[in-house]
Amino acid sequence: MRTLNIYAYLLHVGGDLGGGGGGGGGGRNIDEGGRKCFLGNLDFRTDERYIRRKFSKFGEISDVFLPRDYYTNKPRGFGFVTFEDPKDADYAVEEMDGREFDGRKITVNLAKPREERGGGRRRDDRYRGGRDRYRGDRDRDDDRDRDRSRDRSRDRGDRY
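Residues numbered from 1 in each chain as written. Predicted model: local features only at pLDDT ≥ 70, side-chain atom pairs only at ≥ 80, totals over all residues. Heavy atoms only, no water.

Let's talk about the environment of R49
In step 1: Here R49 shows up in helix α2 (residues 48-55).
In step 2: In this structure the C-alpha to C-alpha distance between R49 and V64, which are 15 residues apart in sequence, comes to 8.5 Å. (Helix = DSSP H or I, 4+ residues; strand = E, 2+ residues; numbered from the N terminus.)

The following block contains the structure:
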């Protein structure tokens with residue numbers, strides 16, 4: 001089961017899985033011409049069939065994607081609907097943005113291309129003087145206390 005979910009995720013982000021031929025899937029996150037709508041604040045029980053049924057009144061839908069958490073496989077509360085015609089996507093945004101959908105007030109926008117992710121801080125940076133975001137300066141304070149404790153124990157060791 002996990003393999004299929006990872007496979008689907010890689011296809012969504014345009015990853016190359018090898019195997020050649022066949023076409024399809026790769027580049028699914030690229031929106032050619034404003035046809036993809038972002039849906040935010042979805043109920044976690046909302047499924048693809050329900051979204052497809054409710055949004056099909058605005059036009060022909062080519063894809064519905066509801067991302068799931070990588071580790072828990074639970075819905076993340078947002079999704080994407082791709083229409084065949086950009087005019088249909090605009091119409092869906094006009095009609096559905098701010099409306100109640102499946103018990104929640106949802107956000108509907110034209111999807112924007114995903115920004116390139118920056119490198120961010122590597123885990124081992126804290127050993128180079130960086131701060132751990134959860135502990136703040138406590139790391140340095142703990143190190144100082146530990147050094148003082150070692151110094152005291154060494155002093156005691158000389159007496160015996």
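That was the structure; now back to the text.
Digging into the pattern of salt bridges
In step 1: For the structure shown, the criterion picks out two salt bridges.
In step 2: The closest approach of N and O atoms between D43 and R45, which form a salt bridge, is 3.1 Å.
In step 3: A salt bridge links D47 to R49; its shortest N-O distance comes to 3.5 Å. (Salt bridge = Lys/Arg side-chain N within 4 Å of Asp/Glu carboxyl O.)

Focus: the pairing of strand β1 (residues 36-40)
In step 1: Judged by how many residues are buried, β1 sits mostly within the fold: four of five residues are covered.
In step 2: Here β1 pairs with strand β3 (residues 78-83) via five bridges, running antiparallel. Looking across to β3, one finds that C37 is bridged to V81.
In step 3: Pairing between β1 and strand β6 (residues 107-110): four bridges, direction antiparallel. Paired with C37 across the bridge in β6 is L110. (Buried < 20%, exposed > 50% of the residue type's maximum accessible area, 1.4 Å probe, protein only. Pairing = 2+ DSSP bridges.)

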